[in-house]
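A look at the structure
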Amino acid sequence: MSSQNAGWQRPEPEGPRRRWNPWLIALLAVAGAVVALAALGALIEAGEGTDPAPDETPPVTVTETETVTEPAQEPPTETVTSTATETAPLPDAPEDLPEEPPGDAPDTDVYYENCDEAPGPLTPGDPGYRDELDRDDDGVACEAN
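How each quantity is defined
- Residues numbered from 1 in each chain as written.
- Predicted model: local features only at pLDDT ≥ 70, side-chain atom pairs only at ≥ 80, totals over all residues.
- Heavy atoms only, no water.
- Helix = DSSP H or I, 4+ residues; strand = E, 2+ residues; numbered from the N terminus.
- Buried < 20%, exposed > 50% of the residue type's maximum accessible area, 1.4 Å probe, protein only.
- Salt bridge = Lys/Arg side-chain N within 4 Å of Asp/Glu carboxyl O.
- Disulfide = S-S within 2.5 Å.
- Core = buried A, V, L, I, M, F, W, Y, C linked by side-chain atoms within 4.5 Å.
- Contact = heavy atoms within 4.5 Å.
- Patch = residues over 30% accessible without salt bridge, like charges linked within 9 Å, V, L, I, M, F, W, Y side chains within 5 Å.
- Areas by Shrake-Rupley, 256 points an atom, 1.4 Å probe, with all protein chains shown as cover.
- Polar contact = N/O pair within 3.5 Å; in protein donor to acceptor, adjacent residues only side chain to side chain.
- Expected span 1.5 Å × (residues − 1).

Focus: the overall build of the chain
- In terms of helices and strands, the chain carries 2 helices and 0 strands.
- For the chain, buried positions account for 8% of its 145 residues.

In structure tokens form, the structure reads like this:
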């Protein structure tokens, strides 16, 4: 099979060969140049205003400033006053103070569930007194007994 195709060539088209018209080539060249120049002009226009022209210089403003210095003042002197305080030792507590009798101390283990169990009106400091038993908050609990 390869021996049969070895000498094969593409057949020539029938009729005369088509040629480009020289006027068409010139017209395409001019159109390409116009498009290229338009693109270049747009790029140049877009770049305007970003860099000043080299011959343009910004205006120069000269400002004179006068500095006045006042003579230096000496800093105020500081006066430091210190006060020494001595603490006197506390006198010894007298050792012969009378002891409280054991019967006068309030009994904190007493608990009345309600006023019916209490022996009578209770005031703060009485055994079994609680704020919950004082309904009118006048400092006396179970006063209706």
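Next comes the rest of the account.
Overview of the pattern of salt bridges
- Overall, the coordinates contain 1 salt bridge when judged by the stated rule.
- Note that Glu-132 is salt-bridged to Arg-130, the shortest N-O span being 3.6 Å.
- Judged by its relative accessible area of 59%, Glu-132 falls in the exposed class.

With respect to the state of the cysteines
- A complete count under the given rule lists 1 disulfide for this structure.
- The disulfide that involves Cys-115 links it to Cys-142, with 2.1 Å between the sulfurs. Measuring handedness by torsion sign, the sulfur bridge of Cys-115 and Cys-142 sits at about -80° and is left-handed. One end of the pair, Cys-115, is in the segment after helix H2 (22-47); the other, Cys-142, is in the segment after H2, with 27 residues separating them in the sequence.

Structural notes on the nonpolar core
- With 8 residues, the main nonpolar core is built from Tyr-112, Cys-115, Ala-118, Leu-122, Tyr-129, Leu-133, Ala-141 and Cys-142.
- In this view, Ala-141 contacts Gly-120, Pro-121, Leu-122, Tyr-129, Arg-130, Leu-133 and Asp-134; residues no more than four positions away in its chain are not counted.

Quick look at unusual backbone geometry
- With a phi close to 50°, Asp-137 is a non-glycine residue in the positive phi region.
- When you line up the elements, Asp-137 lands in the segment after H2.
- The exposure class of Asp-137 is exposed, given its relative accessible area of 66%.

Some remarks on a nonpolar patch on the surface
- Among the surface-exposed residues, Trp-20, Leu-24, Ile-25, Leu-27 and Leu-28 lie close enough to one another that they form a single nonpolar patch of about 560 Å² accessible area.
- Mapped onto the secondary structure, Trp-20 falls in the loop between helix H1 (2-5) and H2.

Some remarks on the side chain of Arg-130
- Within the secondary structure, Arg-130 is located in the segment after H2.
- Separated by 2.8 Å, the side chain of Arg-130 and the backbone oxygen of Tyr-112 make a polar contact.
- Not counting residues within four places of it along the chain, the set of residues in contact with Arg-130 comprises Tyr-111, Tyr-112, Glu-113 and Ala-141.

Details of H2
- The end-to-end C-alpha distance of H2, which contains 26 residues, comes to 38 Å, matching closely the 38 Å that a straight helix rising 1.5 Å per residue would cover.
- With respect to burial, H2 is a largely exposed element, only 0 of its 26 residues being buried.
- Structurally, the start of H2 carries an N-cap: the backbone nitrogen of Trp-23 is 3.2 Å from a side-chain oxygen of Asn-21.

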